[in-house]
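Examining the three-dimensional arrangement
For reference, the chains in residue letters:
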Amino acid sequence: MIQKLDETEILAGLAQLQGWSQVGDGIEKDWKFKNFVAAFGFMSRVALLAEKADHHPEWSNVYGKVHIRLTTHDAGGLSERDLALAGAIDALAS
């Protein structure tokens, strides 16, 4: 069973991430790229990370913008899996 993080754990995890915000029962971040191809390439690389982690984001793409939301539905909110994937995505984007 995946454990839902408490508020203290969420705040500590967010302090380790760049630009992620808690929104409801998830964390979210936006990226801007120079064009659709760059945004889609980023999404493709994130898809490989997500598949490997067996933890898939909610996301959207409009031209050069990508929005990612992470939450763990099985836990009813944020879990360590969300923070880990967010960190991996940040590392990929840098």
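Our structure's up above, just so we're on the same page.
Quick notes on the rules
Residues numbered from 1 in each chain as written. Predicted model: local features only at pLDDT ≥ 70, side-chain atom pairs only at ≥ 80, totals over all residues. Heavy atoms only, no water. Buried < 20%, exposed > 50% of the residue type's maximum accessible area, 1.4 Å probe, protein only. Helix = DSSP H or I, 4+ residues; strand = E, 2+ residues; numbered from the N terminus. Pairing = 2+ DSSP bridges. Salt bridge = Lys/Arg side-chain N within 4 Å of Asp/Glu carboxyl O. Expected span 1.5 Å × (residues − 1). Arc of directions from axis to C-beta. Contact = heavy atoms within 4.5 Å. Polar contact = N/O pair within 3.5 Å; in protein donor to acceptor, adjacent residues only side chain to side chain.

With that settled, consider the pairing of strand S2 (residues 26-32). Along a regular strand, successive side chains alternate from one face of the sheet to the other. The buried count for S2 comes to five of seven residues, which makes it a mostly enclosed element. Note that strand S1 (residues 21-23) and S2 share three bridges and pair antiparallel. Opposite Gln22, over in S2, you have Ile27 as the bridge partner. Where S1 folds back onto S2 in an antiparallel hairpin, the turn is made up of two residues, including Gly24, whose phi is positive at roughly 60°. As defined by bridge partners, S2 adjoins strand S4 (residues 65-70) across six bridges and the pair is classed as antiparallel. Paired with Trp31 across the bridge in S4 is Val66.

A few words on the pattern of salt bridges. Counted according to the given criterion, the structure contains four salt bridges. For Arg69, the salt bridge goes to Asp25, with nearest N and O atoms at 2.4 Å. Residue Arg69 is located in strand S4, and its partner Asp25 is located in the loop between S1 and S2; the two are separated by 44 residues in the primary sequence. One salt bridge in this structure joins Lys29 and Asp90, with 2.8 Å as the shortest N-O distance. Separated by 61 residues along the polypeptide, Lys29 in strand S2 and Asp90 in helix H3 (residues 80-93) bring together distant segments of the chain. The pair Lys29 / Asp90 is uniform in exposure class, with both members buried. Among the charged side chains, a network of salt bridges with common partners joins Asp25, Glu28, Glu58 and Arg69.

Despite not being glycine, Asp54 shows a phi value in the positive range, around 50°. Positionally, Asp54 belongs in the loop between helix H2 (36-53) and strand S3 (58-62). A positive phi is found at Tyr63, a non-glycine position, where the angle reads about 50°. One can find Tyr63 in the loop between S3 and S4. Residue classification places Tyr63 among the exposed residues on the basis of a relative accessible area of 53%.

Now for H2. Over its 18 residues, H2 runs 25 Å from end to end, which matches the ideal 26 Å to within 8%, given 1.5 Å per residue. Along H2, the residues that are buried comprise Ala39, Phe42, Met43, Val46 and Ala50. Along the axis of H2, the buried positions cluster into a sector of 100°, meaning they face one direction only. Set apart from the buried face of H2 by more than 90 degrees, the exposed residues are Val37, Leu48, Glu51 and Lys52. Structurally, H2 contributes buried residues whose contacts are with S2, S3, S4 and H3. For H2, the N-terminal capping position is held by Asn35, with its side-chain oxygen 3.1 Å away from the main-chain nitrogen of Val37. Among the residues trailing H2, Asp54 stands out with phi positive, at a value near 50°.

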